[in-house]
Every structure is written in structure tokens, then in C-alpha cells.
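The lines below spell out each chain.
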Amino acid sequence: MSPAEGEPPVTKPVLLLTRKLPQAVEARAARDYDARLNTEDAPWSRDGAEIARRAAGAAGILCAAGDPMNAATFAALPDSVRIVATFSVGTDHIDLAAAKARGIVVTNTPDVLSFATAEIAMTLMLMAARRAGEGERMVRARAWTGWTPTQLMGTTLEGKALGIAGFGRIGRELAKMARGFGMPIHYRNRTRLPADLEMGATYHDNDASFLGAIDVLSMHMPGGEATRKWLNADRLGMLKPGAIVVNTGRGTSVDDAALVAALQSGRVGAAGLDVYDGEPRVFEGYFGLENVALLPHLGSATVETRDAMGFRALENLDAVLRAGREPPHRVA
Ligand code: DGY
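In this report, the structure presented in the accompanying data block is examined. (Residues numbered from 1 in each chain as written. Predicted model: local features only at pLDDT ≥ 70, side-chain atom pairs only at ≥ 80, totals over all residues. Heavy atoms only, no water.)

Thoughts on the overall build of the protein chain
When its secondary structure is counted, the protein chain shows 12 helices and 12 strands. Over its C-alpha atoms the protein chain spans a radius of gyration of 22 Å, differing by no more than 12% from the 20 Å that the globule rule assigns to 332 residues. Each principal axis of the C-alpha distribution contributes one length, and for the protein chain these read about 80 × 50 × 35 Å. Burial analysis of the protein chain (332 residues in total) assigns 49% to the buried set. (Helix = DSSP H or I, 4+ residues; strand = E, 2+ residues; numbered from the N terminus. Rg over C-alpha atoms; globule rule 2.2 N^0.38 Å. Buried < 20%, exposed > 50% of the residue type's maximum accessible area, 1.4 Å probe, protein only.)

Here we look at the packing of aromatic side chains
Counted under the stated rule, the structure contains three aromatic pairs. Ring centres of Phe167 and Tyr187 lie 4.3 Å apart, and the angle between their planes is 20°; on these two criteria the pair is classed as stacked. In this pair, Phe167 sits in the loop between strand S6 (162–165) and helix H7 (169–179) while Tyr187 sits in strand S7 (residues 185–188), placing the two residues 20 residues apart along the sequence. Tyr187 carries the same exposure label as Phe167, and that label is buried. Ring centres of Tyr187 and Tyr203 lie 5.2 Å apart, and the angle between their planes is 50°; this geometry places the pair in the tilted category. (Phe/Tyr/Trp six-rings, centres within 6.5 Å; stacked < 30°, edge-to-face > 60°.)

Let's talk about the sheet that holds S7
Strand order in the open sheet made by the seven strands is S8-S7-S6-S9-S10-S11-S12, with parallel pairing throughout. Bordering the open sheet on either side are strand S8 (202–204) and strand S12 (292–294), each of which pairs with just one other strand. With direction set aside, neighbouring strand axes in the sheet form an average angle of 15°. Here S7 pairs with S8 via three bridges, running parallel. Pairing of His186 across the sheet is with Thr202, part of S8. Taken strand by strand, helix H5 (residues 114–130) contacts S6, strand S9 (216–219), strand S10 (243–247), strand S11 (268–273) and S12, and its axis lies near 145° from that of S10. Running at roughly 135° to S11, helix H11 (residues 256–265) makes contact with S11 and S12 of the sheet. (Pairing = 2+ DSSP bridges. Axes fitted to C-alpha atoms, helices over the stretch in contact; angles between N-to-C directions. Contact = heavy atoms within 4.5 Å.)

Topic: H11
Within the sequence span of H11, burial applies to Asp256, Ala258, Leu259, Val260, Ala262 and Leu263. Capping of H11 at its N-terminal end is provided by Asp255; its side-chain oxygen lies 3.3 Å from the backbone amide nitrogen of Ala257. A positive backbone phi angle near 90° is found at Gly266, which sits one or two residues after H11. (Polar contact = N/O pair within 3.5 Å; in protein donor to acceptor, adjacent residues only side chain to side chain.)

Some details on the layout of surface pockets
Here the second largest pocket defines a volume of roughly 250 Å³. In terms of lining residues, the second largest pocket is bounded by 25 residues, among which Ala128, Ala129, Thr155, Ile244 and Ala270 are the most central. By residue class, the composition of the lining of the second largest pocket is 11 nonpolar, seven polar and seven charged. (1 Å grid on protein atoms, 1.4 Å probe; cavity = no way out; pocket = protein on both sides within 12 Å on 5 of 7 lines; lining within 4 Å. Points joined across faces, edges and corners; volume = space filled by probe spheres on them. Nonpolar A, V, L, I, M, F, W, Y, C, P; charged D, E, K, R; others polar.)

Some words on unusual backbone geometry
In this chain, Glu279 is followed by Pro280 through a cis amide linkage whose omega measures 5°. Positive phi, close to 45°, is recorded for Met199, a residue that is not glycine.

Considerations on the side chain of Asp207
Looking at the element boundaries, Asp207 is found in helix H9 (residues 207–212). Here the side chain of Asp207 touches Arg188 through a polar contact of 2.6 Å, side chain to side chain. Aside from chain neighbours lying at most four places away, what touches Asp207 is Arg188, Gly212, Trp230, Arg235 and Met238.

So, a nonpolar patch on the surface
Side chains of Val139, Trp144 and Trp147 sit close together on the surface and give an oily, nonpolar patch of about 420 Å² of accessible area. Tracing the backbone shows Trp147 in the loop between helix H6 (132–140) and S6. (Patch = residues over 30% accessible without salt bridge, like charges linked within 9 Å, V, L, I, M, F, W, Y side chains within 5 Å. Areas by Shrake-Rupley, 256 points an atom, 1.4 Å probe, with all protein chains shown as cover. Salt bridge = Lys/Arg side-chain N within 4 Å of Asp/Glu carboxyl O.)

Things to note about the site of the ligand
Surveying the vicinity of the ligand reveals the residues Ser88, Val89, Gly90, Leu113, Arg250, His297, Ser300 and Met309. Residue Arg250 places a side-chain N or O atom 2.7 Å away from an oxygen atom belonging to the ligand. The contact in question runs from an oxygen atom of the ligand to an N or O atom on the side chain of Ser300, over 2.6 Å. Look at the ligand: alone it shows 230 Å² of surface, and the protein chains cover 89% of it. Among the residues making up the shell around the ligand, the classes are represented as three nonpolar, four polar and one charged. (Near = heavy atom within 4 Å.)

Quick look at the pattern of salt bridges
In the structure shown here, the tally under the stated rule is 23 salt bridges. Of the charged contacts in the structure, one is a salt bridge between Arg31 and Asp32, with a shortest N-O distance of 2.8 Å. Its relative accessible area of 54% is what places Arg31 among the exposed residues. On the accessibility criterion, Asp32 (9% relative accessible area) is buried. A salt bridge links Glu326 to Arg330, with the nearest nitrogen and oxygen atoms 3.1 Å apart. Look at the salt bridges and you will find they share partners, linking Arg28, Arg31, Asp32, Asp318 and Arg322 into a network.

What follows is the structure in C-alpha cells.
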């Protein structure tokens, strides 16, 4: 609506979007804000100084996983910035303490990506158990010479014990799916959950009993120092021989050299990874292994989920910048 005659023009808050976002999300951002879009999705988004420079006069920043929202970036942000809304549930790319020190609100996008990410964990579990990556590569290389009774025999997931490390929203969605495969669920979490959230899953209060009880490990841990290289040689040694390992949480929680060694020796039967330490770099050792399925951080990559993540980020921005109230998904 244009302002009535004589009234001052309504100025929209300036919003910097560090990445190219789904069309519907950018359209809404452009409707409600003076939106500075990143039409190229160019590498400046990985350069904190450039983000700070482009944020001149902006009231909000809509950033994404992988953006370097570290202490140096926060120190360089102009005083105009009141909120950083990340288009992700993970916040390991954001220095929350530095944001707090500058009095900048930080929000994330929980819930809306839980099912999609659990789907990718299930996909990787199936790819690893049923050797789907190997099969796909064989057909694509025109190396398949026909069906044989012993070709690419994998292992079934039916009845296998699934261990979920990090029993948050995504882990619990995966548990629901895995129950359809008749998989008993075990979980490791900072705290035990109430019975209505456990839904019959077995809680373990230590790594040895958890890792020793399961056939498939699915990791859903947040990144950061507390979980750095959690899956190391010691913990890999606690798994049953031939266990399957899947990670859709953060790559930093795996000791890659130790996992590669376990995959080479057969101590771990197969693995499926969607996330990597130092993305988009992938630990070199994985490339030579047939028994690992590698996906490019697809967890939340559905049209429905990416739209919902964008709208959730905008709800948070709207709360702070347009309604002057507490945002629904504040993390700092
Ligand atoms: C998140 O939201 O943290 C994901 O890793 C990005 O899809």
C-alpha cells in the first residue's frame, strides 16, 4: 500500500541475504524489506569482511550454514545490524558469544528440517547396508555383466539395532522411520528423555554400552568443540565388528582418519556421510573406498523444507525488525 498523500514514505528495514535462497523466500524478503539479494550466490558469502562491508546500513542479516559468522565478522559488522537470522538449525558457524557481546540477536530454523534430514539418514543407512553406491557406480560405468546369485550382497536393516547419537527432533524422526523396518532403537543423549518422546527407545548413559549394543550408528550431533572428533578410534573400537556408521549431523564430530582405517580393515562394515569437516573439502581417504556412500550435505534439501526454513528465518526477522518483539527461535 502506498502512503496517503502528505504522509512520509514508509521505509523498509534493509536486509542483507548472504546466499541465494528459494524464489518464494526471496520474493517475500523483497516484499517486506529493502532486500540486498545475492543473485550470484558468489563466494563472497564465505568472506566475513565482505559480509560486514555489504551489511553497511542493514538492520538484519539472513545468513546460512557455512557462512563465517565468527568473532572477526561480528566485530566488523556495522552498528545498524540488530539481528542475524540463520537459514539453518545448526549454529556452529556462528560465534554466539561474539553476537551477544555486540547485542545482536541470533535465531535459527528448528523443526522444519527434521523429517527431510531423517530421510537422508535413512537413505544413507540403506545405501550403506545394501551397497547401493557400489551398484550405481557399476551400472553407470557400464561394468555390469548381469545378475548373479552372489553379486553385491549387502545386509538387511530389518531387525538390526539402530543407535541414535543425539536424540533431538531429527533423531526422533529417524527413530519413527526405522521402527517401520523393525529396528529396535537405542539412544545416547546428554539427558534421558521423557517416556512420550522415548517411545520405547533404550537410553544409554555411557558410550561403551551404547556402541556395543547396536548394529547401525546414526549421528545427529551438533558441531562445535564439545563434539569434535567424538567418533574416534576408541569409540569405533566399541562398535560391533562390521557395524554401519551414518552421519548427517556435523562432519567435525568424526575423526576421518580413524573412520577410514576402520572401513579399510572391515572393523566398520560400511558408512554413509552427508557432512564433512571443512566442507566442501572431503577427507581424501574416503574417495578410494567402495564401502562408503558420500552425499553433498543434502539433509534439508527439499523444496518444501528449504521454503519452510526461509519463511522461519523471515518470521524471526519480522519479529525483531517489523513487530519489535521477541523472535520465536532465538539462540542468542
Ligand atoms: C542445518 O540446518 O544446520 C543444515 O545442516 C543445513 O541444511
